[in-house]
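Notes for the structure review
The lines below spell out each chain.
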Amino acid sequence: MTHSTKIAVLGTGMVGETIGAKLASLGHAVTMGSRTASNEKAAAWAAKAGAGAKTGTFADAAAAGEIVFNCTRGDASLAALEAAGEANLRNKILIDVANPLDFSKGMPPSLFTGNTDSLGEQIQRAFPSVKVVKALNTVNCQIMVDAARLPGDHTMFVSGDDAEAKARVRTILTDWFGWKDVVDLGGIATARGTESYLPLWIRLWGALGTADFNVKIVR
Ligand SMILES: NC(=O)c1ccc[n+]([C@@H]2O[C@H](COP(=O)([O-])OP(=O)(O)OC[C@H]3O[C@@H](n4cnc5c(N)ncnc54)[C@H](OP(=O)(O)O)[C@@H]3O)[C@@H](O)[C@H]2O)c1
C-alpha cells in the first residue's frame with residue numbers, strides 16, 4: 001500500500017500522537033479527533049506532523065477517515081465513538097487499540113470487562129456495521145508503529161469478525177508498521193485473550209522497568 005489513505009485517529013494521548021505521526025510520516029492524510037475541535041495536544045501534534053495532518057472533533061475525524069483508529073481511554077471509548085457518530089463510522093474498518101483498564105481502585109488497574117466480555121466486543125455490539133479489528137493493544141505505542149524497535153521476530157495479534165477487514169489490517173501492520181509475525185486469533189470475541197494479557201503486561205513493565213518488550217509465540 002503506497003498510495004495515501006485517509007485515516008482517522010481518535011485520541012490525543014500518546015498513542016494517538018504516535019500512531020498519527022507515523023501514518024503522517026508515511027504520507028497518509030490523518031485527522032486526529034478529540035472531544036473538542038480546539039484540543040491543544042492535537043494542535044501541537046498537527047504542527048509537528050506536517051502537511052497531511054488535520055485536527056477536529058471525534059465526528060470530524062471519523063467523517064474524514066476511510067479507516068479509523070480508536071486510541072481513546074478504554075472506559076471512554078464507547079462515549080468517544082458515540083460522539084464520532086454511527087453515520088460517520090458506518091461500514092468502516094475500526095482498529096481498536098484501547099484497553100479496558102479500570103484505574104478507579106488505583107494501581108495496578110483491573111479490567112472493567114471481566115473475563116467473559118471485551119472492549120472490542122462491546123464496540124462491535126454498539127456499532128454492528130463497523131468492522132472492528134482489535135490489534136496493537138498488547139504493546140507500547142512506540143513498538144506498535146515500529147516493530148523493528150525490538151530485536152528479532154515477536155508477535156502481534158488480530159481479532160475480528162470480518163475477514164477482509166482483518167486482511168487489510170494485517171497489511172497495515174506488515175507494510176506500514178513492520179510487523180512480521182501476525183497471529184489471527186479469530187473473531188472479535190478473541191479480543192478477550194489479548195485484553196486479558198494486560199494484567200501480565202503491567203507486571204512485566206514493573207519487573208523489567210521498561211515498556212520496550214513484547215512476547216514471541218514460539219511454535
Ligand atoms: N500507552 C500505550 O503505549 C498503550 C499501549 C496499548 C494500548 N493503549 C491504550 O490506548 C488507549 C489510548 O491511550 P493514551 O494513553 O494514548 O490516551 P488516554 O489518556 O488513555 O486517552 C486519551 C483520549 O481519551 C479521550 N477521553 C478521555 N475521557 C473521555 C471521555 N469522558 N469521553 C470521551 N473521550 C474521552 C480523550 O479525549 P480528549 O482528546 O478530548 O482529551 C483523549 O482523546 C487507551 O485505551 C490505552 O489503554 C495504550
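So, here is what we can say about the structure in this document. (Residues numbered from 1 in each chain as written. Predicted model: local features only at pLDDT ≥ 70, side-chain atom pairs only at ≥ 80, totals over all residues. Heavy atoms only, no water.)

1. Some words on the overall build of the protein chain
Scanning the protein chain from N- to C-terminus turns up 10 helices and 10 strands. The globule rule puts the C-alpha radius of gyration for 219 residues at 17 Å, and the 16 Å found for the protein chain is close to it. Projected onto the principal axes, the alpha-carbon positions of the protein chain cover approximately 40 × 35 × 35 Å. A total of 219 residues make up the protein chain; the buried ones form 50% of that total. (Helix = DSSP H or I, 4+ residues; strand = E, 2+ residues; numbered from the N terminus. Rg over C-alpha atoms; globule rule 2.2 N^0.38 Å. Buried < 20%, exposed > 50% of the residue type's maximum accessible area, 1.4 Å probe, protein only.)

2. A word on the pattern of salt bridges
Inspection of the entire model under this criterion finds nine salt bridges. With its nearest N and O atoms 2.6 Å apart, the salt bridge here joins Glu86 to Arg90. Note that Asp96 is salt-bridged to Lys134, the shortest N-O span being 2.7 Å. Of this pair, Asp96 sits in strand E5 (residues 93-96) while Lys134 is found in strand E8 (residues 131-135), placing the two residues 38 residues apart along the sequence. Residue Asp96 is classed as buried on the basis of its relative accessible area of 0%. For Lys134, a relative accessible area of 1% puts it in the buried group. Via salt bridges that share partners, Asp96, Lys134 and Glu195 belong to a single interconnected network. (Salt bridge = Lys/Arg side-chain N within 4 Å of Asp/Glu carboxyl O.)

3. A look at the pairing of strand E10 (residues 181-186)
Two strands pair when backbone bridges link them, and strand E9 (residues 155-160) and E10 are joined in this way by five bridges, in the parallel orientation. For Ser159, the partnering residue across the bridge sits in E10 and is Gly186. As a crossover connection, the stretch from E9 through helix H8 (residues 163-176) into E10 is right-handed. (Pairing = 2+ DSSP bridges. Right-handed = clockwise from strand over helix to strand, strands pointing away.)

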